[in-house]
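An overview of the molecular structure
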Amino acid sequence: MKLQDTLELHVKAAVKELFRSDLESVEFQATRKEFTGDITVVVFPMLRVVKGNPVVIGEQIGQYLQDNVTLVKGFNVVKGFLNIEIDDSYYVDFFNTIKNQSNYGFASLKDDKAVMVEYSSPNTNKPLHLGHVRNVLLGYSVSEILKASGKKVYKTQIINDRGIHICKSMLAWQRFGNGETPESTGLKGDKLVGNYYVEFDKAYKTEIAELVVQGQNEEDAKKNAPILLEAQEMLRQWEAGDAEVVALWEKMNGWVYEGFEETYKAIGVDFDKYYYESQTYLLGKEFVAEGLKSGVFFKKEDGSVWCDLTEDGLDEKIVLRADGTAVYMTQDIGTAIQRIKDYPDVGGMVYTVGNEQDYHFKVLFLILKKLGFDWAKNLYHLSYGMVDLPSGKMKSREGTVVDADDLIQEMADTAEEISKELGKLDDYSEADKKELYKTIGLGALKYYILKVDPKKRILFDPKESIDFQGNTGPFIQYTYARIQSILRKSNIDENITLSAAEVSLHDKERELLKQLEQFPEVIQNAASQHSPALVANYTYDLVKDFNSLYQNVSILGADKEEEKVFRVQLSKTVGQTIKNAFSVLGIEVPERM
RNA sequence: GGCCACGUAGCUCAGCUGAAUAGAGCACUGGAUUUCGGCUCCAGCGGUCGUAGGUUUGAAUCCUACCGUGGUCACCA
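Please read these numbers as outputs of a predicted model, since none were measured by experiment.

Re the overall build of chain A
- Helix and strand counts for chain A stand at 20 helices and 14 strands.
- Along the three orthogonal principal directions, the C-alpha set of chain A runs to about 95 × 65 × 40 Å.
- Restricting the contact set of chain A to residue pairs at least 6 apart, pairs at least 24 apart contribute 73%.
- Taking the average location of the 71 positive side-chain charges in chain A and that of its 92 negative ones, the two points are 2 Å from each other.

Focus: the protein's contact with RNA strand B
- Surrounding RNA strand B, one finds 64 residues, the nearest of these being Phe81, Asp302, Arg321, Lys489 and Tyr550.
- Counting only atoms of RNA strand B within 4 Å of the protein, the fraction found in sugar and phosphate groups is 60%.
- In the model, a phosphate oxygen of RNA strand B is placed 3.0 Å from a nitrogen or oxygen of the lysine 79 side chain.
- Within the side chain of arginine 482, a nitrogen or oxygen atom sits 2.8 Å from a phosphate oxygen of RNA strand B.
- Of all the secondary structure elements, the ones that give two or more residues to the surface near RNA strand B are strand 4 (81-86), helix 12 (328-342), strand 14 (458-459), helix 17 (473-489) and helix 19 (532-552).

Observations regarding empty space enclosed by the protein
- Considering all chains together, one arrives at two cavities of 30 Å³ or more under this definition.
- Taken as a whole, the largest cavity holds about 70 Å³ of empty space.
- Every residue along the wall of the largest cavity is listed here: Lys99, Asn100, Ile492, Glu494, Val568, Gln569, Lys572 and Thr573.
- Of the residues in the lining of the largest cavity, the class split is two nonpolar, three polar and three charged.
- Of the volumes computed, that of the second largest cavity is approximately 30 Å³.
- As for the second largest cavity, its lining consists of Ala444, Tyr447, Tyr448, Lys451, Glu464, Ser465, Asp467, Asn471, Thr472 and Gly473.
- Counting residues per element, the ones that place at least two in the lining of the second largest cavity are helix 15 (430-450) and helix 16 (462-465).
- Top element by residues in the lining of the second largest cavity is helix 15. It accounts for three residues.
- When the residues that make up the lining of the second largest cavity are grouped by side-chain class, the tally is three nonpolar, four polar and three charged.

Overview of unusual backbone geometry
- Positive phi outside glycine occurs at serine 120, with the angle close to 80°.
- A positive phi angle is found at asparagine 178, which is not glycine, with a value near 50°.

Quick look at the sheet that holds strand 1 (residues 28-30)
- In space, the four strands of this open sheet follow the order 1-2-4-3, with antiparallel pairing throughout. Only two strands of the sheet have a single partner each, and these edge strands are strand 1 and strand 3 (72-78). Averaged over all pairs of adjacent strands, the angle between their axes in this sheet comes to 30°, without regard to strand direction.
- Where strand 1 lies against strand 2 (residues 39-42), three bridges are found, and the strand directions are antiparallel. Of the residues in strand 2, the one forming a bridge with phenylalanine 28 is valine 41.

Concerning the sheet that holds strand 10 (residues 316-320)
- Read from one edge of the open sheet, three strands run 8-9-10, paired in antiparallel fashion. Two strands lie at the open edges of the sheet, namely strand 8 (297-299) and strand 10, each paired on one side alone. On average, each strand axis in the sheet is tilted by 40° relative to the strand beside it, whichever way the strands run.
- Taken together, the three bridges between strand 8 and strand 9 (residues 305-308) define a ladder with antiparallel strand orientation. Bridge assignment links phenylalanine 298 to a residue of strand 9, and that residue is tryptophan 306.
- Against the sheet, helix 11 (residues 277-294) engages strand 8, strand 9 and strand 10, with an angle of about 85° to strand 8.

A short note on the packing of aromatic side chains
- Evaluation of the coordinates by the stated rule reveals 23 aromatic pairs.
- Joined through ring pairs, the aromatic side chains of Tyr119, Phe260, Tyr264, Phe271 and Tyr274 make up one cluster.
- Taking the ring centre of tyrosine 281 as reference, the NZ or CZ of arginine 162 above it sits at 3.9 Å.
- Residue placement shows arginine 482 over the ring face of tyrosine 550; its charged tip is 3.8 Å from the ring centre.

Remarks on the layout of surface pockets
- Approximately 960 Å³ is the volume attributed to the second largest pocket.
- Lining the second largest pocket are 30 residues, and of these Ala30, Thr31, Asp38, Glu511 and Lys514 lie nearest its centre.
- Elements that contribute at least two residues to the lining of the second largest pocket include exactly helix 1 (3-19), strand 1, strand 4, helix 18 (507-529) and helix 19.
- Here the lining of the second largest pocket gets nine residues from one element, more than from any other, and that element is helix 18.
- Grouping the constituent residues of the lining of the second largest pocket by class yields seven nonpolar, seven polar and 16 charged.
- Of the residues that make up the lining of the second largest pocket, three or more belong to each of domain 1 (3-86) and domain 3 (404-585).

Some remarks on the environment of valine 574
- Among the secondary structure elements, valine 574 is positioned in helix 20 (residues 561-585).
- Counting along the chain gives 32 residues from valine 574 to leucine 542, while the straight-line C-alpha distance between them is 7.8 Å.
- With residues near it in sequence (within four places) discarded, valine 574 still touches Ile483, Leu512, Leu516, Leu542 and Phe546.

Examining the domain arrangement of chain A
- When its domains are assigned, chain A resolves into domain 1 (3-86), domain 2 (164-253) and domain 3 (404-585).
- Placing the centre of domain 1 and that of domain 3 at their C-alpha centroids yields a distance of 35 Å.

Description of the packing of helix 10 (residues 243-267) against helix 15
- Here helix 10 crosses helix 15 at 90°, and the two axes come no closer than 10 Å. As judged from the angle between their axes, helix 10 and helix 15 are roughly perpendicular. Counted together, Lys265, Ala266 and Ile267 of helix 10 and Lys438, Leu442 and Lys446 of helix 15 form the full contact between these two elements.
- Taken together, the residues of the contact of helix 10 with helix 15 sort by class into three nonpolar, no polar and three charged.

Examining the environment of threonine 400
- Along the chain, threonine 400 turns up in the loop between strand 13 (387-388) and helix 14 (404-422).
- Linking threonine 400 and lysine 155, residues 245 residues apart in sequence, is a C-alpha distance of 30 Å.
- Residues contacting threonine 400, with those up to four places away along its chain left out, are Leu389, Lys393, Met394 and Lys395.

Quick notes on the rules
- Residues numbered from 1 in each chain as written.
- Chains lettered and ligands numbered in written order.
- Predicted model: local features only at pLDDT ≥ 70, side-chain atom pairs only at ≥ 80, totals over all residues.
- Heavy atoms only, no water.
- Helix = DSSP H or I, 4+ residues; strand = E, 2+ residues; numbered from the N terminus.
- Contact = heavy atoms within 4.5 Å.
- Lys, Arg positive; Asp, Glu negative; His and termini not counted.
- Charge placed at Lys NZ, Arg CZ, Asp CG, Glu CD.
- Near = heavy atom within 4 Å.
- Polar contact = N/O pair within 3.5 Å; in protein donor to acceptor, adjacent residues only side chain to side chain.
- 1 Å grid on protein atoms, 1.4 Å probe; cavity = no way out; pocket = protein on both sides within 12 Å on 5 of 7 lines; lining within 4 Å.
- Points joined across faces, edges and corners; volume = space filled by probe spheres on them.
- Nonpolar A, V, L, I, M, F, W, Y, C, P; charged D, E, K, R; others polar.
- Pairing = 2+ DSSP bridges.
- Axes fitted to C-alpha atoms, helices over the stretch in contact; angles between N-to-C directions.
- Phe/Tyr/Trp six-rings, centres within 6.5 Å; stacked < 30°, edge-to-face > 60°.
- Lys NZ or Arg CZ within 6 Å of the ring centre and 35° of its normal.
- Domains from an automatic or database assignment.
- Parallel < 35°, antiparallel > 145°, perpendicular 65-115°, else oblique.

Structural data, given as structure tokens:
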């Protein structure tokens, strides 16, 4: 049983015996550094049940605990705070239970409904950029955290593969492409298709300018530009199933998917299942028809279908256009239902989508509830803030978009520069070195993004993101590598288990053990709050405590053999915990760096 | 304008399901190595927790108003 749970029972018993009152709960907090003790009971909330002076009450409870609970070895009361000192044997026993658990902190799979986590969900007309990077890192990490908390998880995305955007790229490629392919140009497929999207925009603008010269006003010119009309015609042909257009669409989307896969692989994320808008919007239309019958939706005179959400404090929302074609909402309804059909064990879903779509998801979840799906109550919009650059917002038109592939490469390059200066890798092969630079560069990037609360905006300062000191990924990786170095040099018997009597704890060791004890709870909290930031910040605190110990005591040069054994084992366990924590953030740890 | 989110040290962020003197990192200043990896550690400097009210024994945390920033209010996605 956890320390806090044990103490809670005893505090309740104490209050029962001393004051003949029943407490519903007991409030604990870690004892602040400036006071003596390991864990603190806050007396104030008890005053509602037990009348009296908080200091006196604290003293009485403290005395009771000291007399009746063996692991309580002392106490003191400051104001309304009862600081309890815990016997070292508790921490040593705790350590012995976890020291060989390679999966420490992770809960075993609970017999519970699975969760589907959607992330990435790109359009197929341009490459991934920094904004997608945050999305992908968050979604992947939340998936891993949910798994670590004991849930079955499916990772997925919805690919926006149909619509005018891809037709624009297709048309431009037809006109200006001269049959170029990723193979013939050596370009990644998503980059190639993205280039033609830009080409389209250029041609479009030229045509608008020409029409304006010919006397049209700008608004009309934007609507009448021939190339735009042609793109719209192409979309109609696609919807009509024109064989040639569909073949081109399949070819160019295929290029994009290959490009995306390369980027996902470079980032180190994966998916269990892909959904395509082109395959789910029809199901959405079916359910709109059904909702119309059951009265969830209503039809306007022009034939468009709406959902009235005014009773819920929202507006009316369109779910089908007057011409009968699907809107965004239609296909999201279809996609959600399709997913539950495909995976009947799924009881809830997490949508990783930027906060500009907060309203959309509020409405989507409400509509699914109205349609009567019981899983609709377990839908969560993992809403995250924009990524800004020091120069302001990213704007594709102004060319300030940070490309995902470029970014990953730059991070690795920077890691290489810094590592070379410090040079500890002379005996590494070139391939191993490259792999390591990628690990460090990606570690820096991922940690920089994940340590911030998802809902907050991120200011992405390239200079700061590649910082290696302080609260950064490489700092934590460095500590891990340093621990591995100790383990390589130590030659202790791994299987020794020291009893509490054989170990006397250094203050820093006790701090570290308390910190280690928190890890499983951190994972659970991060899961329920969908926040990798909690894991990131925890890991940093753990690492700081380890470095402090490292600086204060000699591990391999400990005076006594038992001390050395204990410290090496402790170091190993800290290393394992760093590794586990980082694994749910999607960050690798190096043996050396 | 309506609705939503955010506002904590010069900068980047924790703390936000209420509790002790609001914590880290960067930057700046000063220290530590006959020692296991100095990408380290220790200390100092730095705060009207956006503003004003309210609830409470107790508010950065909860409530209200206002200010600032961003988002959103499409038969776009």
